[in-house]
Amino acid sequence: MALHVPKAPGFAQMLKEGAKHYSGLEEAVYRNIQACKELAQTTRTAYGPNGMNKMVINHLEKLFVTNDAATILRELEVQHPAAKMLVMASHMQEQEVGDGTNFVLVFAGVLLELAEDLLRMGLSVSEASYKGYEKACKKALEILPDLVCCSAKNLRDVEEVASLLHTSVMSKQYGNERFLAKLIAQACVSILPDSGHFNVDNIRVCKIVGAGISASSVLHGMVFKKETEGDVTSVKDAKIAVYSCPFDGMITETKGTVLIKNAEELMNFSKGEENLMDLQVKAIADSGANVVVTGGKVADMALHYANKYNLMLVRLNSKWDLRRLCKTVGATALPRLTPPTLEEMGHCNSVYLSEVGDTQVVVFKHEKEDGAISTILIRGSTDNLMDDIERAVDDGVNTFKVLTRDKRLVPGGGATEIELAKQITSYGETCPGLDQYAIKKFAEAFEAIPRALAENSGVKANEVISKLYAVHQEGKKNVGFDIEAEAAAVKDMLEAGVLDTYLGKFWGIKLATNAAVTVLRVDQIIMAKPAGGPKPPSGKKDWDEDQND
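Treat the numbers as computed from the prediction; the structure is a model and nothing was measured. (Residues numbered from 1 in each chain as written. Predicted model: local features only at pLDDT ≥ 70, side-chain atom pairs only at ≥ 80, totals over all residues. Heavy atoms only, no water.)

A.B. asks: Where do I start with the packing of aromatic side chains in this structure?
C.D. replies: By convention here, two paired aromatic rings are described through the distance between centres and the angle between planes. Applying the stated rule across the entire model yields nine aromatic pairs. The interplanar angle of 80 degrees and the centroid separation of 5.6 Å between the aromatic rings of Phe107 and Phe442 together place this pair among those described as edge-to-face. Residue Phe107 is found in helix α4 (residues 101–121), and its partner Phe442 is found in helix α13 (residues 435–445); the two are separated by 335 residues along the sequence. Each member of the pair, Phe107 as well as Phe442, carries the same accessibility label: buried. (Phe/Tyr/Trp six-rings, centres within 6.5 Å; stacked < 30°, edge-to-face > 60°. Helix = DSSP H or I, 4+ residues; strand = E, 2+ residues; numbered from the N terminus. Buried < 20%, exposed > 50% of the residue type's maximum accessible area, 1.4 Å probe, protein only.)

Pasting the structure below:
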């Protein structure tokens, strides 16, 4: 009979073999805080225009070189449960605002770091964290509307919109922000509907290697990296028939055997197929269509007849591209090769084959300004560079979307944060009880933002923060850190045009506080034994080879 070994008394004896559990301040709370601090420290150096890039290689061995926190986190696949909460908060910020993910991480990381100091001083978790932090967060969100320095006046003015997008583009592409902001503004303004409901998906990005960033441009309509199938390469005043099926003869559902006795019957058989194809293509041409877009393969015979009837043929492999094209030109995708009616056909000013660099592209161009879709054509020397520009464009477009929801803007460059820190510190002074320590720490956490900007720019952070406090004490709310100066200098952010969206800050503070409080409220970690059998042997040999060779 096997010897029964009793388990250690306590919580462990209730769990299955192999389960782990950690409890108490030392094991659970400090461990979680440590993991979140490490994560925040990683992305902190990537904050702001002078932030460093990270080189991330994901599980598929794809290389990313970027300082965009959302991309870094998405590709890192963070495993630690507490750090995952911060990642979720930054994903929420990405979905809600589309920018400011790094702000959430840095701010939440510092909140946790300062909470650790409070806990080591002997405060209980409830006093140190959620009571104080939640009070301070509520106060911060009350103060925030008073810090609004200006509002967007006219979102249909390209120059004004471009100036408002500078800040979000600058953090990704420092040096090219003016050019890119102008491009994004042109694309966004051209498709802003009268209702004001702006859809981010209506700005497409097409990346083509070659030339430089300054060769990028905006087109009204869509651009596909494809070649046309037939001989016709350009059509003016295009009427477009879109098919989701292959451009080919119909194949019968039932299997049949055809018995052919002589050459004449063989000729007649193939002739019948040709005539049928001829009639189908002729019917499409007679309906007035002069461009055919198909989602499947194009048969040689169909191609021959398309050339005969002067039809331009474009093949798109992606069903998403087909749908977007239908939306752009106002067409209906037909499932069979039937001639389209006038309602089912799409229209656009011109469809033509063009060459950008050494890449063939098909352009569906809308001359009218208020088209449904705009495409930003990005040029660059490498794929990595263009991916990073695409992320900058994405941030710019999301900022425009946020401005259509709320036009208010707050000063950037750490000005808003220092003002909040100043006001929340004085609010903490008025609070009785132990909450005041947490409220003051919350205020101190705001200093991390200008501190990160200064450190990444290679300037003494303490000097910058003391200067900012001194100026804000005089009542100059809009003064922030001057990134372009050599030394620790400050300047008016409203005059410099460094502005952040109100909603971006609002959600950033809210989500970061929620994430930090959630992490602090955990006092036990219980991990069940992972499911699954034994791990396969890690030898390089094949499974049927003897491992002892």
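A.B. asks: Which parts of the structure should I look at to understand a nonpolar patch on the surface?
C.D. replies: Together, Val258, Ile260, Leu266 and Phe269 line one region of the surface with nonpolar side chains, adding up to about 360 Å² of accessible area. Tracing the backbone through its elements, the reader meets Val258 in the loop between β7 (234–243) and α8 (263–286). On the accessibility criterion, Val258 (51% relative accessible area) is exposed. (Patch = residues over 30% accessible without salt bridge, like charges linked within 9 Å, V, L, I, M, F, W, Y side chains within 5 Å. Areas by Shrake-Rupley, 256 points an atom, 1.4 Å probe, with all protein chains shown as cover. Salt bridge = Lys/Arg side-chain N within 4 Å of Asp/Glu carboxyl O.)

A.B. asks: Help me understand the sheet that holds strand β4 (residues 150–151), please; the structure alone is not making it clear to me.
C.D. replies: Pairing within the open sheet is antiparallel, and its three strands lie in the order β4-β14-β17. The outermost strands of the open sheet, each flanked by one partner alone, are β4 and β17 (499–501). Taken together, the two bridges between β4 and strand β14 (residues 408–411) define a ladder with antiparallel strand orientation. Residue pairing in the sheet places Cys150 in a bridge with Leu409 of β14. (Pairing = 2+ DSSP bridges.)

A.B. asks: Would you mind going over the packing of helix α12 (residues 415–430) against α13 with me for this structure?
C.D. replies: How two helices pack is summed up by the angle between their axes together with the distance between the axes. Two elements in contact, α12 and α13, have axes whose closest approach is 8 Å; the angle formed by their N-to-C orientations is 170 degrees. Viewed along their axes, α12 and α13 adopt a mutual orientation that is roughly antiparallel. Contact residues: α12 offers Ala421, Ile424, Thr425, Tyr427, Gly428 and Glu429, while α13 offers Gln436, Ile439, Lys440, Phe442 and Ala443. Partitioning the contact of α12 with α13 into residue classes produces six nonpolar, three polar and two charged. (Axes fitted to C-alpha atoms, helices over the stretch in contact; angles between N-to-C directions. Parallel < 35°, antiparallel > 145°, perpendicular 65-115°, else oblique. Contact = heavy atoms within 4.5 Å. Nonpolar A, V, L, I, M, F, W, Y, C, P; charged D, E, K, R; others polar.)

A.B. asks: Could you clarify how one ought to interpret the domain arrangement of the protein chain in this entry?
C.D. replies: Accessible area lost upon the coming together of the parts is a frequently used measure of interface size. If you check the domain split of the protein chain, you get domain 1 (11–149 + 411–527) and domain 2 (217–252 + 262–380). Using only C-alpha atoms to locate each centre, domain 1 and domain 2 end up separated by 52 Å. (Domains from an automatic or database assignment.)

A.B. asks: For this particular structure, what's the right way to read the environment of Gly24?
C.D. replies: Tracing the sequence through the fold places Gly24 in helix α1 (residues 24–44). On the basis of relative accessible area, Gly24 is assigned to the partly exposed category, the value being 32%. Along the sequence, Gly24 and Ala333 sit 309 residues apart, while their C-alpha atoms lie 61 Å from each other. Every residue in contact with Gly24, bar those within four places of it in the chain, is listed here: Val29 and Asp523.

A.B. asks: What exactly am I supposed to notice about the pairing of β7 here?
C.D. replies: Regular strands have side chains that alternate between both faces of the sheet. Looking at chain direction, β7 and strand β11 (residues 346–356) are connected through six bridges and run antiparallel. Its bridge partner lying in β11, Ser234 is registered against Tyr352. Pairing analysis gives two bridges linking β7 to strand β10 (residues 333–334), with the strands arranged parallel. Paired with Tyr243 across the bridge in β10 is Leu334.

A.B. asks: Whenever I open this one, the confidence of the model for the protein chain confuses me. Can you help?
C.D. replies: Close inspection of predicted coordinates is inappropriate in any region flagged by low pLDDT. The share of residues in the protein chain with pLDDT of 70 or more is 93%, and the mean pLDDT across the chain is 85. When pLDDT is averaged over each element of the protein chain, helix α17 (residues 502–520) comes out on top at 92 and strand β1 (residues 20–23) at the bottom at 78. (pLDDT = per-residue confidence, 0-100.)

A.B. asks: Could you clarify how one ought to interpret the pattern of salt bridges in this entry?
C.D. replies: Proximity of charged atoms lets side chains of opposite charge pair with each other. Inspection of every chain in the model, using the stated rule, returns 27 salt bridges. Several salt bridges converge on common partners, so that one network encompasses Lys62, Lys207, Asp387 and Glu390.

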